[in-house]
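Observations on chain architecture
Listed here are the chains, written in short residue letters.
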Amino acid sequence: MSEASRHRIFSRLQAATRQDTTPVSQLPELPIKTYSPKEKIERLITLMEAMRTEVHTTAAENWLDTVEDVLKVREAKRLLYAPGTEIGEALEHQWENAAADLPQLIPYKQDIEQLKEMVFNVDAGITSAAGAIAETGALILWPTEQEPRLMSIVPPLHIAVLKADTIHNSLLEVMQKENWPAKMPSNVVLVSGPSKTADIEMTLAFGVHGPKELIVLILED
Amino acid sequence: MTNHHPLDFDKNVSRALNDRQLIKNIKSAMATLVSKRKAIFSDAAETERLRTLGNALKKTALSKLPQLLEQLEEKCNQNGIQVHWAETAAEANQLVLDIMKSHGATLLVKGKSMVSEEMELNAFLQKNGIEALETDLGEFIIQLNNERPAHIIVPAIHKNKDQISKIFHDHIPDAPYTEDVAELTAIARKTLRQKFYQADVGLSGVNFAVAETGTLCLVENEGNGRLCTTVPGVHIALMGLEKVVEKLVDLPPLLRLLIGSATGQLVTTYVNMITSARKQGEKDGPKEVHLIILDNGRSKIYADTRRRETLQCIRCGTCLNHCPVYNRIGGHAYGYIYPGPIGKILNPQIEGLRAAGVLASASSLCNACEEVCPVKIQIPDLIRRIRNESYSKDSTCTIEGHGYKRNLAEVLAWKVWQTINTHPLINAAGLKILNVLGMKIPKIGPLKDWIRYRTTPELAKKSLHELIKQHGVDHE
Amino acid sequence: MSRYPEKPQKVYYYGTCLVDMMYPEAGLAGIKLLQQEGVKVIFPSGQTCCGQPAYNSGFPDEARAVAGKQIELFPEDYPIVVPSGSCAGMMRHHYPKLFDGDPDFDRIINFSQRIFELSEFLVHALNIKLQDRGAPIKVTWHSSCHALREMGIIEDSKSLIRQLKNVDLIELQHETECCGFGGTFAVKQPAISAAMVKDKTDDIRQTGAVRLITGDCGCLMNISGAMQFDNIRIGGQHLAEFIWERINDKPSPA
């Protein structure tokens, strides 16, 4: 059925393009706005905070302390993390000497089918950010085998760790610079804040389905 | 073609205009959306450049549509996304059902998809014993109340807080009555979380499908879309065949245009780009991804190179927000799934003129929609085209049902108008006769409707032609 | 704007059918304003209608027949001044579409490019300066959708009113919203049209103005008719007539 339909649809489309003599439009170029490194950080923070993201800038060597603080304040009991990653190993090491009031580390090291109930019951998930976009105020999440997709969407709190020197001017720029067309993974997500909606009388409400809170740690060296 | 109750537009309009709560809710929401769009597109020159680019990108993609669809299919297949083609809504519905059945699934969680509404998918699945649950908050609300969406972007825009509180309380078991928005949201979150967890199949729409990489791009603020497309083992994506774009780098300007126009944001909370199912070694994501590409009359629209412009639409909803008619009658009055200016041109072309041609009369041709359309569709010209074909039996007409409105009275009236206005002496004589009759235009036909709300227009004692002569103006 | 002719000696005048039949004083006022600036005005007497009513109602052939007749009457290369944004928009922007593929297309383009709405012509081609001799008055301005969006002349029109120093111009809150006329729309969808004109008259009332000024007689007929029907004692007047009365200190026809 699908094949026959496909054939009929294409017949009509191809017949139409054969007859079409409209000239193709010239694609105008739009200038890319560029920001200085300092402006990039400031703009990212301003835009993300406007979307109710909690942003912390920290020296690269202190980020774990910030993570501990935000978790303790929320009395988080379970933190989902990705073992075998830079962040994962750092967390494991830090937690070895951890005080009792830190959440239990839950490693995402099995398929979701084995881990579903746990993933849906953790208090927080922590992931890296592959970069960020200053123009629109968004993080780039690039899930991998070690850092699966659900980490950043299921838990009510998502903590993202971003290196300041991976902030790009615009989405167009990062797509071109990093040659995304040649290497699109299963999933890439841009995230600009916690989940929200204005579906009820245009009134803003947070944490509809995705995380109620997004915390971004910007690591400066 | 979908099955519809015959559209009684007059009745719908009358009902809407008399619903004070509806008018109040709609006007308030539209004012907010209009001002948000204005704020996010505050630089007029930049906005104009962006719109020109958006128009060029969509036109170019459409000019290569079959080629891009082939490329999209090839890339998707390479990446393990299964591509299906549906000529009609019925075929598309069957495809969804077949996929559900092949997995023994009875629960489908849905992200927002206007195409699925066009297909009337939920009703079809329900008839076949499958629960299709809307997870977008606005869609969830109206589904509870057994209604259809009233707007392309904000489906429950016609409801205020009180009405929504009552819907929740009446239809969600154990839900306490509350008018607090945060509490209502929390109830929705709790109720739907269970469903995300349980569902075997998730469904989404597609905002843009990139041919170059086989990537499906979706935008949202709530996160339900990501959950629908990542938690269940199977993901079904539905798209109209016009949604394909050529390159990945086409996305940034189109996203800026779509999101700015739809919600007045620089970017949505999430921009989700899906290029394959779960790969070997990955721990989550659906193991199966299906892309169903729907025609449902679009290839016929495509065949007409002028009407093809209709397919440039990126479903931002801003034309609705700026339309003085939509602002006064809301979305349901239009009877078909796409309301507002885009609905006035799309519905007649999909459903045929007999079924939906009347919608093209519901426009004062004020051009507010054209002024803001992010991809510069010349909607008023297309409305005129639909009006032309409604009256013409000419063989150059291409819309189904053309000539359906043709009637002796109107044809004659315009022929008389033509005769009068191509014969200046007859024109002048006619005015003189009316003056003799007492300076009033006869109260027949259209004048009857006019005087229901306005005083009768009066003819001047002397026409401008006569004053010209009197005042010695050169009149060749 | 460089596309305006500089101080032309002669212009054509296109009155429009509504002005001819119902608001001839406004048409004459426009001519007098041009004459007072030293321009010779020629009014081809065979003119009738620009064709817009048929064009918008689904009868393009009839529209074309009528439009074709108008074009023939303006053969010389003079600007054509029109006291209506709606008709000017039709002739400037839609005639090229209406006559697409016509063998005489160049002549039609030439005609279209010579079309100017009255306000923009007074402001940009003639650089008119107005001395207000009238008593203080509060007015509000309504722009037809075509004057606003197709011709882009709302600021030109308002700038003329603002030159009149005893005139207090209060802007509408929803200045850019359609009044609901839309030609045949008002009788094809009368209830929706009525809802739109009601909002427009509410807006006019809240300005506190005693008179509504507009550059388009379709809108004028629509809004005035609705105000009179509801016994709202606010007068409606065409911009040309208003200006002429203010600079000549004639009593206003409220």
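Before any of the text, the structure's been laid out above.
A short tour of the structure in this document, coming up. These figures come from a predicted structure and were not determined experimentally. Every chain begins its residue count from 1, and numbering advances along the sequence as written. The lettering of chains begins at A and the numbering of ligands begins at 1, in the order of writing. Given that the model is predicted, a residue must reach a pLDDT of at least 70 before its local features are reported, and side-chain atom pairs must reach 80 or more before they are shown or counted; all residues, however, enter totals for whole chains, interfaces and linings. As a rule here, side-chain values come from all non-hydrogen atoms in the structure, and water together with hydrogens is ignored.

**Describing the sheet that holds strand S7 (residues 211-214) of chain C**
Residue and element names in this part refer to chain C. At least two bridges found by DSSP between two strands are what make those strands a pair. Put simply, DSSP marks the helices as runs of H or I at least four residues long and the strands as runs of E at least two long, and each gets a number from the N terminus on. Overall, parallel pairing links the 4 strands, which are arranged S6-S5-S7-S8 in an open sheet. Bordering the open sheet on either side are strand S6 (167-169) and strand S8 (235-238), each of which pairs with just one other strand. Adjacent strand axes in the sheet meet at a mean angle of 35° when their direction is disregarded. Bridge analysis of strand S5 (residues 137-142) against S7 gives 4 bridges, and the strand direction is parallel. Within the sheet, the bridge partner assigned to His 142 lies in S7 and is Thr 214. Along the sheet, helix H9 (residues 154-163) makes contact with S5, S6 and S7, crossing S5 at roughly 170°. Between N-to-C directions, angles cover 0 to 180 degrees, with each direction set by a line fitted to C-alpha atoms, over the stretch in contact for helices. By definition, residues are in contact when any of their heavy atoms lie within 4.5 Å.

**Focus on the packing of helix H8 (residues 137-144) of chain B against helix H9 (residues 161-171) of chain B**
In helix packing, the relevant descriptors are the interaxial angle and the interaxial distance, both defined with respect to the helix axes. Residue and element names in this part refer to chain B. Put simply, H8 and H9 touch, their axes get as near as 9 Å, and they point 60° apart. The hand of the H8/H9 crossing is left-handed. Between H8, through Leu 137, Phe 140, Ile 141 and Leu 144, and H9, the contact on the second element is made entirely by Ile 164, Ile 167, Phe 168 and His 171. When residues are sorted by character, Ala, Val, Leu, Ile, Met, Phe, Trp, Tyr, Cys and Pro go into the nonpolar class, Asp, Glu, Lys and Arg into the charged class, and all the rest, Gly among them, into the polar class. Here the residues of the contact of H8 with H9 sort into 7 nonpolar, 1 polar and no charged. When the near helix sits turned anticlockwise from the far one by under a right angle, the crossing is termed left-handed; a clockwise turn instead gives a right-handed crossing.

**Concerning the side chain of Thr 310 of chain B**
All names here are of chain B. Among the secondary structure elements, Thr 310 is positioned in the loop between helix H13 (298-303) and helix H14 (318-322). Exposed residues in this analysis have more than 50% of their type's maximum accessible area, buried residues have under 20%, and partly exposed residues fall in between, with area computed by a 1.4 Å probe over protein chains only. A relative accessible area of 1% means that Thr 310 is categorised as buried. Apart from residues lying up to four places away in sequence, Thr 310 is in contact with Ile 301, Ile 342, Ile 345, Leu 346, Gln 349, Ile 377 and Leu 382.

**Some remarks on the pattern of salt bridges**
Residues and elements named next belong to chain B. For this analysis, a salt bridge means a side-chain nitrogen from Lys or Arg found within 4 Å of a carboxyl oxygen belonging to Asp or Glu. Under the counting rule described, the total for this entry stands at 49 salt bridges over all chains. The salt bridge partner of Lys 59 is Glu 309, with a shortest N-O separation of 3.7 Å. In this pair, Lys 59 is assigned in helix H3 (residues 44-63) and Glu 309 in the loop between H13 and H14, connecting sequence segments 250 residues apart. Salt-bridge contacts for Lys 195 lead to Glu 131; the nearest nitrogen and oxygen are separated by 3.9 Å. With Lys 195 in helix H10 (residues 181-198) and Glu 131 in strand S3 (residues 131-134), the pair connects residues that are 64 residues apart, well separated along the chain.

**So, the interface of chain B and chain A**
Opposite the 95 residues of chain B that make contact, chain A presents 78 residues. Together, the buried faces of chain B and chain A total about 7,500 Å²; carbon and sulfur atoms form 62% of this surface. Of all residues in chain B, Arg 189, Tyr 197 and Lys 283 of chain B give up the largest surface area on contact with chain A, accounting jointly for 11% of the area buried on that side. The tally of links from chain B across to chain A stands at 6 salt bridges. What qualifies as a polar contact is a pair of N or O atoms within 3.5 Å, subject to a donor-acceptor requirement within protein and to the restriction that residues adjacent in sequence count only when both atoms come from side chains. Taken together, the links from chain B to chain A amount to 40 residue pairs in polar contact (both at pLDDT 80 or more). Looking at which element gives the most residues to the side of chain B that touches chain A, the answer is H3 of chain B, with 10 residues. Broken down by class, the residue content of the side of chain B that touches chain A amounts to 43 nonpolar, 28 polar and 24 charged. Buried surface area refers to the total accessible area, computed with a probe of radius 1.4 Å, that the two partners give up upon joining, counted for both partners together.

**A look at helix H1 (residues 2-19) of chain A**
In an α-helix there are 3.6 residues to a turn, and that puts residues three or four apart on one side. Each helix should span, by expectation, one fewer than its residue count multiplied by 1.5 Å. A rise of 1.5 Å per residue sets the reference length of H1 of chain A, with its 18 residues, at 26 Å; its end C-alpha atoms lie 26 Å apart and thus fit the reference within 8%. For H1 of chain A, the full list of buried residues reads Ser 2, Ser 5, Arg 6, Ile 9, Phe 10, Leu 13 and Ala 16 of chain A. Projected onto a plane normal to the axis of H1 of chain A, the buried residues spread over an arc of 125° and lie on a single side. Among the exposed residues of H1 of chain A, those pointing more than 90 degrees away from its buried face are Glu 3, His 7, Arg 18 and Gln 19 of chain A. Residues of H1 of chain A that are buried make contact with helix H4 (65-78), strand S1 (81-86), helix H5 (89-102) and H13 of chain B. What the arc measures is the spread of directions leading from the helix axis to the C-beta atoms.

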